[in-house]
Amino acid sequence: MFLAIIVIFCGLRAPITEVGSLVSTIRDGLGLSSTSAGMLTTIPLIAFGIISVFVGHFSDRLGAGKVMLVGLLLLVAGIVLRTFAVAAGLFIGTAIIGIGLAVGNVLIPAFIKAFFPEKVGTMTSAYTTSMSVFAGISGGISVPLAKAYGWQLSLFIWIIPAATALLLWLPNRNTVLAVKAKRASKGGSIAKDSMTWLISLYIGVQSLLFYCFVA
């Protein structure tokens, strides 16, 4: 599980951030409008917002290990479809990638808390650092790769960490997260807590800045 999580770390943002560097090349190659090309960096974020709400429910019903496996399968399938299925496949594959990444976004922190309780700080630091470093690497190498081998191969190269993570996760597919949420000591909904909204605003602005620069 540790090896699988480390590899998943490396691929949670790279399939998105590379598109920003290649968007003009993809647009010209497929004859897309600027609006359509811009959607390539927007679709995964929409998937994050919608799918993340349901991941916990499916994890409880089907088992977190199985849901994570499905997420990795979708990520691999989305990368293949985005690369080889021309314009329609580009957008459908991008949406599927967004769904697969949304599953990882939700479940990986939960796996860390459940199976590495004494290493939460270290693992979370590794998680955020690896994700950011590989997001930068993907944006940096995508253009040279596209110039040398074509933009399709530049998009396809991220099948390597995705497929590796999938293989490493197979032994963990029956893992169940037996972690129950604790009730707030004061009771009531977290939506009534001002700190909830401050944290949401902080992380929301942070994400806004990041993904605007990526796009």
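Reading guide: rules and limits
- Residues numbered from 1 in each chain as written.
- Predicted model: local features only at pLDDT ≥ 70, side-chain atom pairs only at ≥ 80, totals over all residues.
- Heavy atoms only, no water.
- Phe/Tyr/Trp six-rings, centres within 6.5 Å; stacked < 30°, edge-to-face > 60°.
- Buried < 20%, exposed > 50% of the residue type's maximum accessible area, 1.4 Å probe, protein only.
- 1 Å grid on protein atoms, 1.4 Å probe; cavity = no way out; pocket = protein on both sides within 12 Å on 5 of 7 lines; lining within 4 Å.
- Points joined across faces, edges and corners; volume = space filled by probe spheres on them.
- Helix = DSSP H or I, 4+ residues; strand = E, 2+ residues; numbered from the N terminus.
- Nonpolar A, V, L, I, M, F, W, Y, C, P; charged D, E, K, R; others polar.
- Polar contact = N/O pair within 3.5 Å; in protein donor to acceptor, adjacent residues only side chain to side chain.

1. Section: the packing of aromatic side chains
Argument step 1. All chains considered together, the criterion is met by 6 aromatic pairs.
Argument step 2. Between the aromatic rings of Phe 210 and Tyr 211, the centroid separation amounts to 4.8 Å while the plane-to-plane angle is 80 degrees, which identifies the pairing as edge-to-face.
Argument step 3. Residue classification places Tyr 211 among the buried residues on the basis of a relative accessible area of 12%.

2. Some remarks on empty space enclosed by the protein
Argument step 1. Following the criterion strictly, the structure yields 1 cavity of 30 Å³ or more and no others.
Argument step 2. Here the largest cavity is characterised by a volume of approximately 80 Å³.
Argument step 3. Around the largest cavity, the lining is made up of 13 residues, and of these Ile 8, Gly 11, Leu 12, Leu 72 and Leu 75 lie nearest the centre.
Argument step 4. When residues of the lining of the largest cavity are traced back to their parent elements, those giving at least two are helix H1 (2-11), helix H4 (64-84), helix H5 (86-115) and helix H8 (159-169).
Argument step 5. In terms of residue count, H4 provides more of the lining of the largest cavity than any other element does, 4 residues in total.
Argument step 6. When the residues that make up the lining of the largest cavity are grouped by side-chain class, the tally is 10 nonpolar, 3 polar and no charged.

3. Structural notes on the side chain of Thr 41
Argument step 1. Here Thr 41 is to be found in helix H3 (residues 34-62).
Argument step 2. At 3.1 Å, the side chain of Thr 41 and the backbone oxygen of Gly 38 are in polar contact.

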